[in-house]
Amino acid sequence: MRRTLTATLLAFLTVTAAQAHDYKLGSLEIKHPWTRATPKSATVAGGYLKITNTGSTSDRLTGGSAEVARKFEVHEMSMDGGVMKMRELKNGIEIPPGATVELKPGSYHIMMMNLSRPLAKGDKIKGSLTFEKAGKVDLEFTVEAMGGMPAGMKH
Ligand SMILES: [Cu+2]
């Protein structure tokens, strides 16, 4: 009996923790915004998350903010003649109805630039995302372990 109770409680806590880091804005669901710990000299950090559009009209992620960055851009990374290149998406990223778009290393991402301080694992960075139609949502980026940047990545 006691064992069952503990297992149930654990399952409940796990689910609660996972849900605590999801956000909703109208028909947009935003899951697990995160970034990476940065070395002391770093001036940029990537931002990653998943956006699901449960509505019937398209929207666009056009920008946002992060308390540690003076500039916040939406970027795309792609292979160009065997070289990884990134560029700013001035018109943002489309989130079509019914679709889930993932911002992740090596793909679409948020670029936090001109960092005011290094990011340490375990930190929570307050920020926001702005969508063309849905407007603005406040959220937190969790800072995860430092990771290697893909070779050839330049700004
Ligand atoms: Cu970038």
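The structure we're discussing is the one just above.
Just so it is clear, the structure is predicted and the values come from calculations on it, not from any experiment.

Visitor: What exactly am I supposed to notice about the environment of Ser116 here?
Guide: Looking at where Ser116 falls in the secondary structure, it is placed in the loop between strand E9 (109–115) and strand E10 (124–131). Note on Ser116: relative accessible area 51%, which makes it exposed. When sequence neighbours within four positions are dropped, the list of residues in contact with Ser116 reads Glu67 and Val68.

Visitor: Is there a simple way to explain the packing of aromatic side chains in this structure?
Guide: Remark: the centre distance and the inter-plane angle together describe each pair of aromatic rings, the angle taken between the planes. Evaluation of the coordinates by the stated rule reveals one aromatic pair. Where Trp34 meets Tyr48, the ring centres are 4.7 Å apart and the plane angle is 45°; that geometry is what we call tilted. Residue Trp34 is located in strand E2 (residues 28–36), and its partner Tyr48 is located in strand E3 (residues 44–53); the two are separated by 14 residues in the primary sequence. As far as burial versus exposure is concerned, Trp34 and Tyr48 are alike and both buried.

Visitor: Honestly, the pattern of salt bridges in this entry has me stumped. Any pointers?
Guide: Opposite charge on two side chains permits them to pair, given that their charged atoms come into close proximity. The full count for this structure, using the stated rule, is eight salt bridges. One salt bridge in this structure joins Lys136 and Asp138, with 3.7 Å as the shortest N-O distance. Grouping residues by exposure puts Lys136 and Asp138 together as exposed.

Visitor: For this particular structure, what's the right way to read the nonpolar core?
Guide: Nonpolar side chains in soluble globular proteins tend to end up buried together. Counting 30 residues, the largest nonpolar core has Ile30, Ile51, Leu129, Phe131 and Phe141 as the members making the most contacts within it. The element that contributes the greatest number of residues to this core is strand E11 (residues 135–144), accounting for four residues. With near-sequence residues (within four places) excluded, Leu129 lies in contact with Ile30, Leu49, Leu61, Gly63, Gly64, Phe72, Ile110, Gly135, Lys136, Val137, Leu139 and Phe141.

Visitor: Looking at this model, I keep getting lost on the pairing of E3. Mind explaining?
Guide: The side chains of a regular strand alternate between both faces of the sheet. The element E3 is largely enclosed, with a buried count of nine among its ten residues. Across six bridges, the pairing between E2 and E3 is antiparallel. Directly across from Trp34, in E3, lies its bridge partner Tyr48. In the sheet, E3 pairs with E9 via four bridges, with the strands oriented antiparallel. Each residue of the ladder has a partner; that of Gly47, found in E9, is Ile110. One ladder, built from four bridges, connects E3 with strand E8 (residues 100–103); its direction is antiparallel. Residue pairing for E8: Lys50 is matched across the bridge by Glu102.

Visitor: Just to check I follow, could you spell out the pairing of strand E5 (residues 69–80) for this structure?
Guide: Bridge count between E5 and E9: six bridges; the pairing is antiparallel. Looking across to E9, one finds that Phe72 is bridged to Met112. As paired elements, E5 and strand E6 (residues 83–88) share six bridges and run antiparallel to each other. Directly across from Ser78, in E6, lies its bridge partner Lys85. Taking the residues that link successive antiparallel strands as the turn, the E5-E6 hairpin has two residues, and the phi of Gly81 there is positive, at about 60°.

What counts, and where the lines are drawn
- Residues numbered from 1 in each chain as written.
- Predicted model: local features only at pLDDT ≥ 70, side-chain atom pairs only at ≥ 80, totals over all residues.
- Heavy atoms only, no water.
- Helix = DSSP H or I, 4+ residues; strand = E, 2+ residues; numbered from the N terminus.
- Buried < 20%, exposed > 50% of the residue type's maximum accessible area, 1.4 Å probe, protein only.
- Contact = heavy atoms within 4.5 Å.
- Phe/Tyr/Trp six-rings, centres within 6.5 Å; stacked < 30°, edge-to-face > 60°.
- Salt bridge = Lys/Arg side-chain N within 4 Å of Asp/Glu carboxyl O.
- Core = buried A, V, L, I, M, F, W, Y, C linked by side-chain atoms within 4.5 Å.
- Pairing = 2+ DSSP bridges.

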